[in-house]
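Read off the chains here:
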Amino acid sequence: MEAQFLMFLALAAVALAASVMVITRRNLVHSALYLIVTFFAVAAIYVLLHAEFLGVVQLLVYAGGIMVLFLFVILLVERPGTGPAGKPMRWHAAASGVLTLLVAAILGAHFLRSGMAPPGGTAVLGASGGNLETVSLALFRNYLLPFEVVSVLLLVALVGAIVLARPRA
Amino acid sequence: MSETLLRFVVVPVAQIAVVIAALLLIVVYLVLLERKINAFMQVRLGPRRVGWHGLLQTVADVIKLFTKEDITPRHVDRLVFLLAPVVIILPALAAFAVIPFSGGSFRVGSVGVRAWISDVNVGLLYLLAITSLGVFGVVMAGWSSNSKYPMLGGLRSAAQMVSYEVPLGLSVVSILMLAGTASLVGIVQAQESAGRWFLFWTPYPQILGLFLYFVSGVAETNRLPFDLPEAENELVAGFHTEYSGMKFAFFFLAEYINMVLVGCLVAVLFFGGWLPVTFGIPGLREPLSNFFPFWGGAGAMLTGFFWFGLKVFLVLFLYLWMRATYPRYRYDQLMRLGWKVFIPLGLGHVMVTALAILVRRG
Amino acid sequence: MLEPLHVMILSLAMFSVGVLGVLLRRNAILILMSIELMLNAANLNFIAFAWAHPDVAGQVFALFVIATAAGETAVGLAILIAVFRNRSSIRVDEIDLLKG
């Protein structure tokens, strides 16, 4: 149990440091690469929390799919000559910081007020046949309709993306 | 305590060391084999100066690469440029963590040793996820080189690898449905209990799946006829144009390790992994699955290595044969093939397999 | 001893970083990336609660979030490309056609 906590601390530090790097880098490709590091750390935390299937899906969809898309668009859109964007105006930065702190404070207060669940058991998550089987059974027995809705959503998004990105004839 | 140490540290580390050493050795001779087969198909002799019939040629090449000056061009993005070869080779190696190389087991003290590093229940998905990360190495190399040809190679590779991942995944889905598990060991065992490999699974043999998987695998590994990211006669060398010495060797190594990986996966998913080749003749399985019965489990493991190696070799030979035979695809042809032919074929294949399973269950 | 509260703190921190990124940066691609950060923070909470209760429903929901995020990114980047084609810029403070 102690090992789990130490690993969580290390992964959390990596995830947080990388996510700060994402929003502070001037170079978009660097931001994207740090974002991949964040996704990796988060996937490892999923595995730590007995969500092996989700961890793999996180890598497959985020790292393998979404980030490639991001990098592709960055390579298409960012021209070598354009240079980094100008520094944010000072009041803008200050206002952003204050707003973020406000959001964080409200959310944190809400977290603290909500009843704390005890550290969890693992029996239900990986019962008979492992996490993959448990998740898929839940998905196709109890959540079939949401599943179908999400697949339609993805189809619509696909069609919409193609229509938007295709050049006007 | 010492048993825990043996089980969780000594044995896995030894397994990893053996796998990596074996991989390096295989890659060295795969390169030689490629040159020899190419030479044979072009009625040449191929390398034969270094060692007997050129057996040490690749060793000499490796020494040359090691001792070459390691140049980092001035106009590159240093950090990303240096990381790219590492990022491309790590997923290739990490994928071997779940490959079952053979059956059988032997004991060291009280700890049983199997011929795989780990057997996880999301193994197949892990493989799909980890192999999809190789594309970042290519994109990073292409972008950080800050030069035209690597950039074009990187862009092409990103599009190509993302496109062919879909048919790759679809051909694997039918295997998942047949085996009922995503563990690679479980997949081989399912083929054992089915009595035949998934390639010959009745009533719907997985030949189309094998075709889709293999061709997509060739595209994923950027080999001819799909080697557009490094097409040398249009892009110099594609994404690794600016790399030299050991950094270049890493790209080279990763490409061949990925080829071996596709070979291993084809063997596990479609050819029954370490199971012997019996052509369905009853009574042949027992003697063929253990050549050294007097060694017990270790003998079964060695025999499994032989069968597994044979199947992987066949796939790799096909790779080299294709390289010597086919011209390169054009970029738009490649994309059309991926999106308009392979993905519909893959979807149809999944549906037919599902129907076949229903029919079989009655 | 790892407790759900620890994961919640990490999630809160990551979410705040995402919010800050959206507010502070003016590059549209970076804003999309910050949104991904926030979605990941939310998913961390789902997984943590699925582990604490324990109930697999949280993991299923995280799966839906990931699928939705994939769709959102595809559409978002497509819009970006369309904007870039028209305006040759993806900085959100330069996309101000309505301002007259």
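The coordinates are above.
Residues numbered from 1 in each chain as written. Chains lettered and ligands numbered in written order. Predicted model: local features only at pLDDT ≥ 70, side-chain atom pairs only at ≥ 80, totals over all residues.

A. Just the overall build of chain B, in detail. Of the regular secondary structure elements, chain B holds 13 helices and 2 strands. Its C-alpha radius of gyration of 21 Å places chain B within 12% of the 21 Å reference for a compact globule of 362 residues. With the C-alpha coordinates of chain B rotated into their principal frame, the extents come out at 60 × 50 × 50 Å. Across the 362 residues that make up chain B, the buried fraction comes to 46%. At a minimum sequence separation of 6, the contacts of chain B that also span at least 24 residues come to 76%. (Helix = DSSP H or I, 4+ residues; strand = E, 2+ residues; numbered from the N terminus. Rg over C-alpha atoms; globule rule 2.2 N^0.38 Å. Buried ≥ 20, exposed ≤ 12 C-beta atoms within 10 Å, placed from the backbone. Contact = placed C-beta atoms within 7 Å.)

B. Structural view of the arrangement of the chains. Comparison of the 2 pairs of chains in contact shows the highest number of contacts for chains A and C. If you take every C-alpha in chain B and every C-alpha in chain C, the smallest gap between them is 14 Å, and the two do not touch.

C. Here's a closer look at the interface of chain A and chain C. Tallying the contact residues gives 69 residues for chain A and 63 residues for chain C. Considering each element in turn, the side of chain A that touches chain C owes the most residues, 11 residues, to helix H3 (residues 52–77) of chain A. Across the side of chain A that touches chain C, the residue classes tally to 54 nonpolar, 15 polar and no charged. (Nonpolar A, V, L, I, M, F, W, Y, C, P; charged D, E, K, R; others polar.)

D. Quick look at the interface of chain B and chain A. Contacts between chain B and chain A engage 18 residues on the former and 16 residues on the latter. Of all elements in the fold, only helix H4 (123–131), helix H5 (134–144) and helix H6 (148–179) of chain B reach the threshold of two or more residues within the side of chain B that touches chain A. Its residues assigned to classes, the side of chain B that touches chain A shows 15 nonpolar, 2 polar and 1 charged.

E. Layout of the packing of helix H2 (residues 28–52) of chain C against helix H3 (residues 57–87) of chain C. Residue and element names in this part refer to chain C. Running from amino to carboxyl end, H2 crosses H3 at an angle of 175 degrees, the nearest separation of the two axes being 9 Å. When the interaxial angle is binned, H2 and H3 end up roughly antiparallel. In this structure, H2 uses Ala-28, Ile-29, Leu-32, Glu-36, Leu-39, Ala-42, Asn-43, Phe-46, Ile-47, Phe-49 and Ala-50 to contact H3, whose residues at the interface are Ala-57, Gly-58, Gln-59, Phe-61, Ala-62, Val-65, Ile-66, Ala-69, Thr-73, Gly-76, Leu-77 and Leu-80. When its residues are assigned to classes, the contact of H2 with H3 shows 17 nonpolar, 5 polar and 1 charged. (Axes fitted to C-alpha atoms, helices over the stretch in contact; angles between N-to-C directions. Parallel < 35°, antiparallel > 145°, perpendicular 65-115°, else oblique.)

F. Main features of the pairing of strand S2 (residues 111–114) of chain B. Here 4 bridges tie strand S1 (residues 105–108) of chain B to S2 of chain B, and the two strands are oriented antiparallel to one another. Residue pairing for S2 of chain B: Val-108 of chain B is matched across the bridge by Val-111 of chain B. (Pairing = 2+ DSSP bridges.)

G. Inspection of unusual backbone geometry at higher detail. Residues and elements named next belong to chain A. Positive phi, normally seen in glycine, also occurs at His-50, with a value near 60 degrees. Position of His-50 relative to the elements: it lies in the loop between helix H2 (28–48) and H3. Assessed through the 24 C-beta atoms surrounding it within 10 Å, His-50 is described here as buried.

H. Structural context of the environment of Leu-90 of chain B. Residues and elements named next belong to chain B. Along the chain, the position of Leu-90 falls in helix H3 (residues 78–94). Of the residues examined, Leu-90 has 15 C-beta atoms within 10 Å and is grouped as partly exposed. Sequence spacing of Leu-90 and Ile-343 is 253 residues, and the spatial spacing of their C-alpha atoms is 28 Å.

I. Region of interest: H3 of chain A. All names here are of chain A. The terminal C-alpha atoms of H3, which comprises 26 residues, lie 36 Å apart, in line with the 38 Å expected from a rise of 1.5 Å per residue. The sharpest bend along H3 comes to roughly 30 degrees, located at Met-67. H3 sits mainly inside the fold: 21 of its 26 residues count as buried. (Expected span 1.5 Å × (residues − 1). Bend = angle between axes of the 7 residues up to and from the residue.)

J. Geometry of the packing of helix H1 (residues 4–24) of chain C against H2 of chain C. Residue and element names in this part refer to chain C. Axis separation between H1 and H2 bottoms out at 8 Å; the angle between their running directions is 165 degrees. Compared by their axis directions, H1 and H2 come out roughly antiparallel. Judged by the twist between their axes, the crossing of H1 over H2 is left-handed. Residues belonging to the contact of H1 with H2 are distributed by class as follows: 19 nonpolar, 6 polar and no charged. (Left-handed = near helix turned anticlockwise from the far one by under 90°.)

K. Structural detail: the environment of Leu-178 of chain B. All names here are of chain B. Mapped onto the elements of the fold, Leu-178 is located in helix H6. Since 23 C-beta atoms lie within 10 Å of it, Leu-178 is described here as buried. Put simply, Leu-178 and Ile-357 are 179 residues apart on the chain and 7.5 Å apart in space, counted from C-alpha to C-alpha. Discounting residues that sit within four places of it in the chain, Leu-178 has contacts with Ala-190, Phe-198, Trp-201, Thr-353 and Ile-357.

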